[in-house]
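Coordinate inspection notes
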Amino acid sequence: MTTKTSTAPLSMVQILLCGGAIVTLSMGIRHGFGLWLLPITQSMGWTRESFSLAIAVQNLSWGVLGIFVGMLADRIGAFKVLIGGSILYALGLAGMALSPTPLWFLATAGVLIGAAQAGTTYAVIYGVLGRQIPVARRSWAMGVTAAAGSFGQFFMVPVEGSLIASVNWSNALLILAVFALLIAALAFGLREPGFASGAPVKREQTVGQALKEAWSYPSFLLLMAGYFVCGFQVMFIGVHMPSYLKDFGMAPQVASTSLALVGLFNIFGTYLAGNLGQKMPKRYLLSGIYSLRSVATICFLLAPLSPWSVYIFCAAMGFLWLSTVPLTNATIAQIFGVQHLSMLGGFVFFSHQIGSFLGVWLGGYLYDINGNYDMVWYLSIALGIFAALVNLPVRETAIPRQPTMTA
């Protein structure tokens, strides 16, 4: 019987180039959505909460559907999932540009693009990395791919800002829809041989056994709790920072530059995190990252607000931004193995997206109530301390299994 493990693996260079380019496009487009908050709400006469709710639903849709997309990718491979995700992304961006009401905007920018992101980002790509790259290089490879997502933010956010300024916000979204279709072309570089041949895949566990094992293991739940905080923090800043700065009279270029700096420094942070994850306990690295996020936020709020204080804060947060991603996913692979990595990563990411939903939505909701973002900043600090504490007890060793488990 031919199995996935008996076929020649894909070239590591090919995986990293194609996977990195896909994440660059998918995450790069997504990180710029905050730039559309004011142009869309002012042009359409909508509230900030209506925009925030759509982006919050996008994150929730991404999280919920990511679980099932992960199961599908584990079963049929990443290639077909990426093709479908690319098409959905293009349709969602076009729908976002043409939505006449907040409800339509929620359906396209929220549900449709969320589904697209579930099929074009980390859970799917990391499944390929886990299956195709040896364990000795896995954390490093995940760090490289996360760094590609960071480069996408650094590269795409200024591009999106320029498009909005030059061709208006709706045409800018239509141009991005064309960019999203490039993901389908890049997916051909991630056709795993075992899946491409249609041969049956030998598994030690069924989906039900894998889920039961993970949900009864405390470290899995602790990783989920920490990832919840990650989602809350990064999406609040990513979506609401441009509006926060505009409220204090800063030019739009400050917001674009600050988000680009997040992406630039995130390249170094995620790459370093992936490297250190091969040498140090990942739980200590995760705890340190969450602690430093809270420290950076406290310093930002206490310092006089200026373009330079914004740039320094965004550079610091950028260094810590997605560095949790390779460490969290590599820990899951280390504990549970790679057979159901996309699915288990999808569950942990679902927790991340619940946090993202609350970070985006509460940002808009509490702003509309209080006229400022102070309460959300304080929540972000407290949650960072919580995440630092819950990651410390995580056990990273491979979980012992009975050898009688069969599919």
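Residues numbered from 1 in each chain as written. Predicted model: local features only at pLDDT ≥ 70, side-chain atom pairs only at ≥ 80, totals over all residues. Heavy atoms only, no water.

Let us now look at the overall build of the protein chain. The secondary structure content of the protein chain amounts to 18 helices and zero strands. Against the compact-globule benchmark of 22 Å for 407 residues, the protein chain has a radius of gyration of 20 Å, which places it among compact chains. The C-alpha extent of the protein chain, read off along each of the three principal axes, is 65 × 40 × 35 Å. Every one of the 407 residues in the protein chain was classed for burial, and the buried ones make up 59%. Of all intrachain contacts in the protein chain linking residues separated by at least 6 positions in sequence, the fraction that spans at least 24 positions is 87%. Split by element, the accessible area of the protein chain, about 15300 Å² in all, is 72% carbon and sulfur. In the protein chain, the 19 positive side-chain charges and the 10 negative ones have mean positions that sit 13 Å from each other. (Helix = DSSP H or I, 4+ residues; strand = E, 2+ residues; numbered from the N terminus. Rg over C-alpha atoms; globule rule 2.2 N^0.38 Å. Buried < 20%, exposed > 50% of the residue type's maximum accessible area, 1.4 Å probe, protein only. Contact = heavy atoms within 4.5 Å. Areas by Shrake-Rupley, 256 points an atom, 1.4 Å probe, with all protein chains shown as cover. Lys, Arg positive; Asp, Glu negative; His and termini not counted. Charge placed at Lys NZ, Arg CZ, Asp CG, Glu CD.)

Now for the side chain of Lys 282. With respect to the helices and strands, the residue Lys 282 is situated in helix 14 (residues 282–302). Of the buried charged residues, Lys 282 lacks a salt bridge, with Glu 396 as the closest side chain of opposite charge at 4.1 Å. When near neighbours in sequence (up to four residues on either side) are disregarded, Lys 282 contacts Ser 139, Gly 277, Leu 327, Ala 330, Thr 331, Gln 334 and Glu 396. (Salt bridge = Lys/Arg side-chain N within 4 Å of Asp/Glu carboxyl O.)

Let's shift gears to the packing of helix 2 (residues 37–44) against helix 3 (residues 48–76). Contact pair helix 2 / helix 3: the axes reach a minimum separation of 9 Å and the direction vectors enclose 130°. Considered as vectors, helix 2 and helix 3 are oriented oblique to each other. The chirality of how helix 2 crosses helix 3 is right-handed. Residues Leu 37, Leu 38, Ile 40 and Thr 41 of helix 2 lie in contact with helix 3, whose contacting residues are Arg 48, Phe 51 and Ser 52. Here the residues of the contact of helix 2 with helix 3 are counted per class, giving four nonpolar, two polar and one charged. (Axes fitted to C-alpha atoms, helices over the stretch in contact; angles between N-to-C directions. Parallel < 35°, antiparallel > 145°, perpendicular 65-115°, else oblique. Left-handed = near helix turned anticlockwise from the far one by under 90°. Nonpolar A, V, L, I, M, F, W, Y, C, P; charged D, E, K, R; others polar.)

This part covers the pattern of salt bridges. Overall, the coordinates contain four salt bridges when judged by the stated rule. In this structure, the salt-bridge partner of Arg 48 is Asp 247, at a minimum N-O distance of 3.1 Å. Taken as a pair, Arg 48 in helix 3 and Asp 247 in helix 12 (residues 218–247) lie far apart in primary sequence, 199 residues in all. Salt-bridge contacts for Arg 131 lead to Asp 74; the nearest nitrogen and oxygen are separated by 3.2 Å. Here Asp 74 lies in helix 3 and Arg 131 lies in helix 6 (residues 122–132), a separation of 57 residues in the sequence. Asp 74 matches Arg 131 in its accessibility class, with the two residues each being buried. Salt bridges sharing partners connect three or more residues here, namely Asp 74, Arg 131 and Glu 192.

Phi is positive for Asn 168, which is not a glycine, with a value near 75°. Turning to its location among the elements, Asn 168 is positioned in the loop between helix 7 (135–167) and helix 8 (169–180). Relative accessible area serves as the criterion here: at 37%, Asn 168 is assigned to the partly exposed category.

Another aspect to go through is the nonpolar core. Counting 129 residues, the largest nonpolar core has Trp 36, Leu 93, Met 241, Phe 313, Phe 336 and Trp 377 as the members making the most contacts within it. Considering every element that reaches this core, the biggest residue donor is helix 12, with 15 residues. With sequence-adjacent residues up to four places away left out, Trp 36 is seen in contact with Phe 51, Glu 160, Ile 164, Trp 169, Ala 172, Leu 173 and Leu 176. (Core = buried A, V, L, I, M, F, W, Y, C linked by side-chain atoms within 4.5 Å.)

On to the packing of helix 3 against helix 17 (residues 341–370). Direction vectors running N to C along helix 3 and helix 17 enclose 175°, while the axes themselves pass 8 Å from each other. By the angle class used here, helix 3 and helix 17 are roughly antiparallel. Taken together, the residues of the contact of helix 3 with helix 17 break down into 21 nonpolar, 10 polar and four charged.

Note on placement: Ser 351 falls in helix 17. Ser 351 sits in the buried class, given a relative accessible area of 8%. In this structure the side chain of Ser 351 is engaged in a polar contact, spanning 2.5 Å, whose partner is the backbone oxygen of Met 224. Sequence-distant contacts of Ser 351, defined by excluding residues within four places in its chain, comprise Met 224, Ala 225 and Phe 228. (Polar contact = N/O pair within 3.5 Å; in protein donor to acceptor, adjacent residues only side chain to side chain.)

The next point concerns the environment of Thr 331. One can find Thr 331 in helix 16 (residues 324–336). The class of Thr 331 is buried, set by a relative accessible area of 1%. Sequence separation of Thr 331 and Ser 219 is 112 residues, and the distance between their C-alpha atoms is 9.7 Å. Excluding residues that lie within four positions of it along the chain, Thr 331 makes contacts with Leu 223, Lys 282, Val 394 and Glu 396. From its side chain, Thr 331 meets the backbone oxygen of Leu 327 in a polar contact 2.6 Å long.

Looking at where Glu 396 falls in the secondary structure, it is placed in the segment after helix 18 (374–390). Setting aside residues no more than four positions away along its own chain, Glu 396 makes contact with Pro 281, Lys 282, Arg 283, Thr 331, Gln 334 and Ile 335. In terms of polar contacts, Glu 396 uses its side chain to reach the backbone amide nitrogen of Arg 283, at 2.8 Å.

All right, on to the confidence of the model for the protein chain then. Scored by pLDDT, the protein chain has a mean of 86; 93% of the residues are at 70 or more. Ranking the elements of the protein chain by mean pLDDT puts helix 10 (residues 193–196) last, at 68, and helix 14 first, at 96. Contacts from residues 1–6, a stretch scored under 50 in pLDDT, to residues over four places away or in other chains number 10 contacts. (pLDDT = per-residue confidence, 0-100.)

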